[in-house]
Amino acid sequence: MGILSTFDRIVWGFTIIITFVVLFIIGGGWLLSWYPDPISARAALIKQYYDLVYVSGMIVSALFVGTFFYFILKFWDRNQPAGLD
Amino acid sequence: MNTLEKLEWATIVGATVLLFGLGTLAVPVLQALDDPDYYGEPDYVVKVTAEQWAWKFTYPDGSESGELIIKNGDLVRLELESPDVIHSFYVREMGFKVDIIPGKTRIHIINAETPGEYWIQCAEFCGAYHGGMRTKLIIEE
């Protein structure tokens with residue numbers, strides 16, 4: 001099982017998925033931003049590439065944020081008192 | 001190899017693949033955007049003059065209009081010039097902008113494939129009435 005518990009892995013996984021969805025929406029994805037249909041083959045080619053860059057950026061950003069949580073969970077010393085009690 | 005080393009290698013390999021993958025896929029897009037010879041010989045040339053705050057289109061027969069009117073299927077070479085400040089020729093449905101810099105002639109080829117009326121909007125702030133500097137691209141049947 002290693003250092004990470006099942007809960008840790010679930011948090012890590014959800015962080016990646018939720019970050020992806022949030023970036024997709026606030027970044028003006030297909031759901032929120034209207035954009036006219038391309039009227040030429042070149043415009044379609046450009047749009048296809050920009051969509052690819054957009055999705056790739058979201059995946060990388062989600063992995064980045066997810067990895068941040070991964071490190072927090074991995075190196076979190078749970079035996080250390082929180083100082084609040 | 002521990003987990004951190006695996007993660008480090010996965011990041012390095014992943015980033016490299018992504019960088020070169022997107023770079024390779026960008027080449028045909030950049031060629032289509034920037035290479036004036038990409039579509040071959042154009043059917044005719046239209047001179048585009050962008051000035052504060054209007055568009056003027058001059059056709060091969062010397063006629064002029066305030067709207068760009070072309071026929072469906074035409075391959076049109078636009079020669080864009082500005083006598084005053086920087087403007088930008090933007091047709092949203094065509095997916096590109098061309099900055100028009102005073103003293104230079106910018107070349108852009110457009111391929112009319114879908115009849116209709118589309119906005120041409122100046123996309124570079126050019127003064128008080130920049131927002132009103134727009135006209136129509138009319139692609140006739």
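Since this is a predicted model, take the numbers as computed values, not measurements.

(A) Main features of the interface of chain B and chain A. The interface of chain B with chain A comprises 17 residues on the first partner and 15 residues on the second. Here the element with the most residues in the side of chain B that touches chain A is helix H1 (residues 3-34) of chain B; it accounts for eight residues. Per-class residue counts for the side of chain B that touches chain A are 11 nonpolar, three polar and three charged.

(B) Summary view of the packing of helix H1 (residues 6-26) of chain A against helix H2 (residues 41-75) of chain A. All names here are of chain A. Contact pair H1 / H2: the axes reach a minimum separation of 8 Å and the direction vectors enclose 150°. In terms of axis orientation, H1 runs roughly antiparallel to H2. At the point where H1 passes H2, the crossing takes the right-handed sense. Of H2, the residues touching H1 (which contributes Asp 8, Val 11, Trp 12, Thr 15, Ile 16, Thr 19, Phe 20, Leu 23 and Phe 24) are Met 58, Ile 59, Ser 61, Ala 62, Leu 63, Val 65, Gly 66, Phe 69, Tyr 70 and Leu 73. Split into classes, the residues belonging to the contact of H1 with H2 amount to 14 nonpolar, four polar and one charged.

(C) Quick peek at the sheet that holds strand S2 (residues 54-58) of chain B. Residue and element names in this part refer to chain B. Pairing is mixed across the open sheet formed by five strands, whose spatial order is S3-S2-S1-S5-S8. Looking along the sheet, the strands with just one partner apiece sit at the ends: strand S3 (64-65) and strand S8 (106-111). Two elements, S2 and S3, share two bridges in a ladder whose sense is antiparallel. Along S3, the bridge assignment pairs Phe 57 with Ser 65.

Analysis parameters
- Residues numbered from 1 in each chain as written.
- Chains lettered and ligands numbered in written order.
- Predicted model: local features only at pLDDT ≥ 70, side-chain atom pairs only at ≥ 80, totals over all residues.
- Contact = placed C-beta atoms within 7 Å.
- Helix = DSSP H or I, 4+ residues; strand = E, 2+ residues; numbered from the N terminus.
- Nonpolar A, V, L, I, M, F, W, Y, C, P; charged D, E, K, R; others polar.
- Axes fitted to C-alpha atoms, helices over the stretch in contact; angles between N-to-C directions.
- Parallel < 35°, antiparallel > 145°, perpendicular 65-115°, else oblique.
- Left-handed = near helix turned anticlockwise from the far one by under 90°.
- Pairing = 2+ DSSP bridges.

These figures come from the coordinates and say nothing about function on their own.
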